[in-house]
Amino acid sequence: MKTDGILFIATLLVILASCSEKMEPNPEIPEITGLTEDVYFEQVGQTKTMGLVEHYDRLLKEATENNADDTDYLNYIQEQLDSAKLFQQECFEQSGANSSGDGPSGNNRALGYQYTTIRYKSIGYDGREVILSALVVWPFNTLIADPDANNVIIGCHCTIGSNKERPTNFGDDDYSIQTDVGMMACCAKTYGPGAAYENLVIIPDYQGFGATHGDVHPYLSQTLTARQVLDGVRAGIAFYQMSHKLEKNWKSLSLGYSQGGSVAMAVHRYIEKNNLESEFNFAGSVCGNGPYDPLATLKRYVDDDKVWMPVSAAMMMYSMCETSHRLKGKHTIDKFLTQKFIDSGVIELIKAKEIDTDKMQQKLLDYSMKFDTSNTDSLGMWHADTDGYFHPYRKDITNVKWKSGYIKTAYARTLDLLTNDCYMYFLHGDIYRIDANKRAPIVQLEKALNDNVLWKNWTPEHPIFLYHTEEDEVVVVENFRNCLKAWEGSDMVKGAIYKGRTHTHVNYGKVFFMRTCSEGIKAIFNNKAHEYDFERIKTGTW
């Protein structure tokens with residue numbers, strides 16, 4: 001009996017030890033909460049200056065070259081340029097300063113903004129410490145008084161394909177000032193009636209770009225990216241306060257369009273879920289056309305059997321396979337993407353980070369035109385013909401460039417991109433019968449996408465302004481609608497469908513930054529979010 005008792009106790013201890021091990025956190029799932037305790041930053045670039053007039057002058061010249069047919073857009077930039085010149089002249093007169101220019105084309109740099117690059121600590125998708133980079137922009141004025149920033153804008157950049165497009169490359173000669181980064185940088189220096197004061201703007205590079213360009217970019221890993229961005233904002237504020245002050249009652253908000261829109265919302269969510277409101281004096285967020293619900297986005301692609309930007313779909317799948325704890329090291333991308341899509345070289349283009357997404361789309365189009373339309377094993381790109389029906393591109397179509405002519409409406413069939421099992425599962429759900437071994441990775445993909453749906457298990461406690469467009473062909477409107485449905489009745493949430501004469505996701509981004517978001521920023525920073533009239537723009541045409 002004594003021996004049996006000892007054996008029983010030993011067995012019990014083994015069972016308890018086993019249970020204890022099962023209750024420990026899964027080491028494959030990095031805990032993403034709080035912020036990095038060690039606020040480290042290092043300036044790695046020179047401090048540069050951009051004049052306010054210089055900014056809009058460059059913007060107009062670049063827009064005229066690339067958007068000559070978009071007269072509304074050009075006229076609006078001209079209005080901004082004229083206003084900037086008038087404001088600058090008023091400052092000269094007030095200060096008694098000489099108005100001779102010291103910048104390119106006579107654009108005086110005494111009034112504008114300054115910017116530089118810093119590096120800072122955060123965590124990566126493997127849970128380890130990583131050094132990331134960020135662009136820091138602040139107001140500059142030598143005419144009257146070098147201003148301190150009144151508020152902080154947490155800038156979240158859109159999807160990029162090449163490392164050259166990273167925010168910290170802003171200001172280089174070959175960097176487009178028409179980008180969302182250029183638009184957000186200009187938020188450092190505001191002017192005119194009801195302006196949102198002077199802003200410190202911090203725009204981090206996402207992991208996979210800038211200081212970490214050798215890493216995989218965790219595309220649409222919402223919580224992780226929000227944490228990394230906020231570590232950058234904390235470091236950016238610390239850097240700025242070495243030589244400047246933030247006004248006593250400063251506030252912050254997150255801002256972004258497209259992927260930047262979802263990151264801006266993710267930042268909002270992360271701040272509230274981690275009780276960081278007081279540290280960042282958080283006031284709210286302004287989000288445009290963001291993929292807040294990547295699962296709904298994929299299902300819409302499947303329902304329509306159309307993907308207007310195949311590169312983004314490949315980015316999403318590749319990122320989930322390489323960075324999600326549910327898929328990394330367990331399931332490969334060929335479980336989800338067809339071999340003919342992989343053979344197009346799209347994954348290698350994403351990995352290389354040498355060209356932007358438009359050029360990647362062009363390469364997919366060029367690749368599709370190598371095949372006869374009768375070849376069902378080839379990747380097809382389709383376009384709207386003059387009769388309104390969609391037809392595959394043919395070899396005899398020449399001089400076709402992405403975003404010109406019919407290519408504006410080019411798409412790939414979802415069945416050409418996703419494996420049949422993956423397509424059918426997301427089309428029919430659990431009722432689709434499939435071999436268990438084939439089903440397992442698809443279920444894990446579904447869970448990985450669901451992990452990054454932002455409207456679930458959260459209702460905003462600070463004002464959030466959502467803008468979207470019915471016609472968005474890349475980030476479908478379900479992203480917007482699902483948020484409004486989940487938060488119905490919340491007085492913190494305001495959303496508007498806005499219309500325009502343009503019909504592409506990228507061009508709507510210009511509308512967002514040039515006309516729409518500035519009103520939302522002013523309303524939130526001026527404590528007038530509840531007074532903001534969204535009904536006014538719901539049916540308006542920009």
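This structure is a prediction, so every number in the text was calculated from the model and none was measured. (Residues numbered from 1 in each chain as written. Predicted model: local features only at pLDDT ≥ 70, side-chain atom pairs only at ≥ 80, totals over all residues. Heavy atoms only, no water.)

> What should I look at first to understand the pairing of strand S4 (residues 129–141) in this one?
Along S4, eleven of the 13 residues are buried, which leaves the element largely enclosed by surrounding structure. Strand direction decides the pairing type here: strand S3 (residues 111–123) and S4, joined by 13 bridges, are antiparallel. When the sheet's bridge partners are listed, Gly 112 is paired in S4 with Phe 140. Counting the residues between successive antiparallel strands, the hairpin from S3 to S4 contains five residues, one of them, Gly 127, with a positive phi of roughly 85°. (Buried < 20%, exposed > 50% of the residue type's maximum accessible area, 1.4 Å probe, protein only. Helix = DSSP H or I, 4+ residues; strand = E, 2+ residues; numbered from the N terminus. Pairing = 2+ DSSP bridges.)

> Looking at this model, I keep getting lost on the pattern of salt bridges. Mind explaining?
Close approach of charged atoms allows side chains of opposite charge to pair. All told, the structure shown has twelve salt bridges when counted by the stated rule. A salt bridge links Arg 300 to Asp 304; the nearest nitrogen and oxygen atoms lie 2.5 Å apart. Taken together, the residues Arg 300 and Asp 304, both in helix H8 (residues 294–304) and four residues apart, mark about one turn of the helix. Residue class for Arg 300 comes out partly exposed when judged on its relative accessible area of 26%. Take Asp 304: its relative accessible area is 33%, and that puts it in the partly exposed class. Of the charged contacts, one joins Asp 305 and Arg 413 as a salt bridge, the two residues approaching to 2.5 Å between their closest N and O atoms. Note that Asp 305 is positioned in the loop between H8 and helix H9 (310–323) and Arg 413 in the loop between strand S10 (390–392) and helix H13 (414–417), a separation of 108 residues in sequence. (Salt bridge = Lys/Arg side-chain N within 4 Å of Asp/Glu carboxyl O.)

> So what exactly am I meant to see when it comes to the environment of Lys 363 here?
Tracing the chain through its elements places Lys 363 in helix H12 (residues 357–368). Since its relative accessible area comes to 45%, Lys 363 is described here as partly exposed. Taking the C-alpha atoms as reference points, Lys 363 and Gly 345, separated by 18 residues in sequence, lie 8.9 Å from one another. Here Lys 363 is in contact with Leu 349 and Ile 355, once residues within four sequence places are set aside. (Contact = heavy atoms within 4.5 Å.)

> So what exactly am I meant to see when it comes to the packing of H8 against helix H16 (residues 478–486) here?
Each pair of packed helices gets described by two things: the angle between the helix axes and the distance between those axes. Their axes nearest at 9 Å, the elements H8 and H16 cross at an angle of 135°. Relative to H16, H8 is oriented oblique. As H8 runs across H16, the sense of the crossing is right-handed. In this structure, H8 contributes Pro 294, Ala 296, Thr 297 and Arg 300 to the contact, and H16 contributes Glu 478, Asn 479 and Asn 482. A breakdown of the residues in the contact of H8 with H16 according to their chemical character gives two nonpolar, three polar and two charged. (Axes fitted to C-alpha atoms, helices over the stretch in contact; angles between N-to-C directions. Parallel < 35°, antiparallel > 145°, perpendicular 65-115°, else oblique. Left-handed = near helix turned anticlockwise from the far one by under 90°. Nonpolar A, V, L, I, M, F, W, Y, C, P; charged D, E, K, R; others polar.)

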